[in-house]
Amino acid sequence: MEVRTRAPGKIILSGEHAVVHGSTAVAAAIDLYTRVSFRLLPPSEGDAGSVELELKDTGLAFSWPSSRLKETFSFEAIGPPLSPTPRPCSPEHSKLIASLVEEQNIPEAKIWLRSGIHAFLYLYTSIHGFKPGKVVISSELPLGSGLGSSAAFCVSLSGALLALSDAFSIDRQTKGWLELELSELELVNKWAFEGEKIIHGKPSGIDNTVSTFGGSMIKFRSGELTHIRSSTPLRMLITNTKVGRNTKALVAGVSERVLKHPDAMAAVFRAVDSISKELSVIIESPTSDDVSIIAKEEKLEELMEMNQGLLQCMGVSHASIETVLRTTLKYKLASKLTGAGGGGCVLTLLPTLLSTKIVDKVIAELESCGFQCLKAEVGGKGLEVCFS
Ligand SMILES: Nc1ncnc2c1ncn2[C@@H]1O[C@H](COP(=O)(O)OP(=O)(O)OP(=O)(O)O)[C@@H](O)[C@H]1O
Ligand SMILES: C[C@@](O)(CCO)CC(=O)[O-]
Ligand SMILES: [Mg+2]
C-alpha cells in the first residue's frame, strides 16, 4: 500500500522572528504544496532491505541499508529509535544521524539539504524504526525562501509516515484526498515540530502549525493557534528575490541581538505584538462598501510597513528586499519581507481596486530586476492524505 500526502506552504503577514520570542504573529496557508509518497517495502530473502529517500526537486536520491541503521542505533546511550510519542532529537541521537547523513556524499553545492535529510532520518526511524521503505518528496514551493518549505516538508513527511503506522486508526480503503481527525493532525504537528527543530534550531512552531491545520488565516502566540476570518479576501503578490538564505542562521542572528540589546529588542517585540493584534482585528472587521474596503486596506498597508521597519531593526532585511520595497513603493504599494528574511520572499498587498494593468506593470518591473513573482491563493487546506 502507498500513501500520498500534501501539505501547504505559508505566508506570514506580521510577526516573524518576534513570534520566536513570544509575540503574536498572523499567517495563512497558500495553495503551493509539498507532496510525499511513501510505501513500506517487503524485505527480500537474505537482505533486510533499505530505507530510500528521493528528493525530486534536487534530482538526488539516498539510501540506507536497514542493517546499517540497526548497527548505528545499537549504540546503547540512545536506546531504540522507535518512539510512540513525539520527543526531541537528543544530542547523542543527532550525532549518530549526522554520521548517516555524512556517508551519503551530498554534493557541495547542495550541502543545505543536510538538515532536511537529517530531519527525514529522525522522523523515519522514530516512527518506523529500520523497516525498509521508500519516500519520494517534491515541492511547488521555492526551497529556503520564506514560504515555509521546511515546515511543509516536515508536515507532509510526518503525515505520510504516521498514516502507514499503528498510530492512526484511519480507514485506508477510503479513496480520494482525506482530511484527518483533529487528534491525528495534532500528532502530525508535534512530530513535524520536532523535524522543524532540526532544520530551524529554535522554531516558534507557527510554520508547521499553519501547514498542518490550514484555514483561512491564523493568529499564533506561544504555541497557541486562533483561527481568524478575513471579511474581504486579501490579494497578495509574492516576490521571490531568489537570494538564498537559511532560517536557522537568521533566527540565531536575532537571538544574538537580543543578548546584546535586551531592552531595545524587548520593545521591538512588544511593538510587533501590538501590530499583529491590530492587524488581526482589522482583518476581521466587516466592510460594507468600497470606501470601507479602501480604509481597511490602507490600515493594513501601514501596519505592514511598520512591521517591515521593525524587521530591519532585527537585522533580517537585505539589499534585495529593499529593492523590492522601493520598486513597489513607486506604485504606492506597501510590502514587507515574509518568513525569515535575509533574501527570500517579499509580500505586497494588492488593493482590491487596483487595476490589472498596474499589477502587470509592477510584476514586469520586479521581474526585470531578476526577481520572480508568484501568484498564490491566501488561505486554504492544511495536510491531506490519500491511499492507493
Ligand atoms: N522539497 C524539499 N526537498 C528537500 N529538502 C527540503 C525540501 N523542502 C525543504 N527542505 C529542507 O528545508 C530547508 C529550507 O528550510 P528553511 O527553513 O531554511 O527555509 P523555508 O522553510 O523555505 O523558509 P522559512 O522558514 O523562512 O519559511 C532546505 O535547506 C532543506 O534542508
Ligand atoms: C523566522 C520565523 O519566525 C518564521 C519563519 O517562517 C521562525 C519561526 O517562527 O520558527
Ligand atoms: Mg523553514
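Residues numbered from 1 in each chain as written. Chains lettered and ligands numbered in written order. Predicted model: local features only at pLDDT ≥ 70, side-chain atom pairs only at ≥ 80, totals over all residues. Heavy atoms only, no water.

1. Considerations on the domain arrangement of the protein chain
- According to the domain assignment, the protein chain contains domain 1 (2–226 + 380–387) and domain 2 (232–375).
- Each of domain 1 and domain 2 has a C-alpha centre, and the two are 28 Å apart.
- Of the residues lining the interface, 29 residues belong to domain 1; the matching set on domain 2 comes to 35 residues.
- With both sides pooled, the region where domain 1 packs onto domain 2 buries about 2,500 Å², and carbon together with sulfur makes up 64% of that total.
- Counting across the interface, domain 1 meets domain 2 through two salt bridges.
- For the pair domain 1 and domain 2, the interface holds twelve residue pairs in polar contact (both at pLDDT 80 or more).
- Where the side of domain 1 that touches domain 2 is concerned, the elements lending two or more residues are β1 (2–14), β2 (25–40), α5 (182–200) and β6 (217–221).
- Top contributing element to the side of domain 1 that touches domain 2 by residue count: β1, with five residues.
- Broken down by class, the residue content of the side of domain 1 that touches domain 2 amounts to 13 nonpolar, eleven polar and five charged. (Domains from an automatic or database assignment. Contact = heavy atoms within 4.5 Å. Buried area = accessible area lost by both parts, 1.4 Å probe. Salt bridge = Lys/Arg side-chain N within 4 Å of Asp/Glu carboxyl O. Polar contact = N/O pair within 3.5 Å; in protein donor to acceptor, adjacent residues only side chain to side chain. Helix = DSSP H or I, 4+ residues; strand = E, 2+ residues; numbered from the N terminus. Nonpolar A, V, L, I, M, F, W, Y, C, P; charged D, E, K, R; others polar.)

2. Overview of unusual backbone geometry
- Although it is not a glycine, histidine 17 sits at a positive phi angle of roughly 65 degrees.
- Looking at where histidine 17 falls in the secondary structure, it is placed in the loop between β1 and β2.
- Histidine 17 sits in the buried class, given a relative accessible area of 5%.
- Of note in this structure, lysine 242 is not a glycine but carries a positive phi near 65 degrees. (Buried < 20%, exposed > 50% of the residue type's maximum accessible area, 1.4 Å probe, protein only.)

3. With respect to the site of ligand 2
- As a structural note, the neighbourhood of ligand 2 is formed by 14 residues, with Lys10, His17, Pro203, Ser204 and Asp207 the closest of them.
- Side-chain polar atom of aspartate 207 to an oxygen atom of ligand 2: 2.6 Å apart, as the coordinates give it.
- Across the complex, the protein chains shield 98% of the 300 Å² of accessible surface that ligand 2 would expose by itself.
- Where the shell around ligand 2 is concerned, the elements lending two or more residues are β1 and α6 (206–213).
- Composition of the shell around ligand 2 by domain shows at least three residues from each of domain 1 (2–226 + 380–387) and domain 2 (232–375). (Near = heavy atom within 4 Å. Areas by Shrake-Rupley, 256 points an atom, 1.4 Å probe, with all protein chains shown as cover.)

4. Side note on the coordination of the magnesium ion (ligand 3)
- All of the protein donors around the magnesium ion (ligand 3) are Ser150 (OG) and His200 (NE2); their distances to the metal are 2.1 to 2.2 Å. With a gap of 50 residues between them, serine 150 in helix α4 (residues 149–163) and histidine 200 in helix α5 connect regions that are remote in the sequence. (Donors = N, O, S within 2.8 Å, 3.2 Å for Na, K, Ca; no water.)

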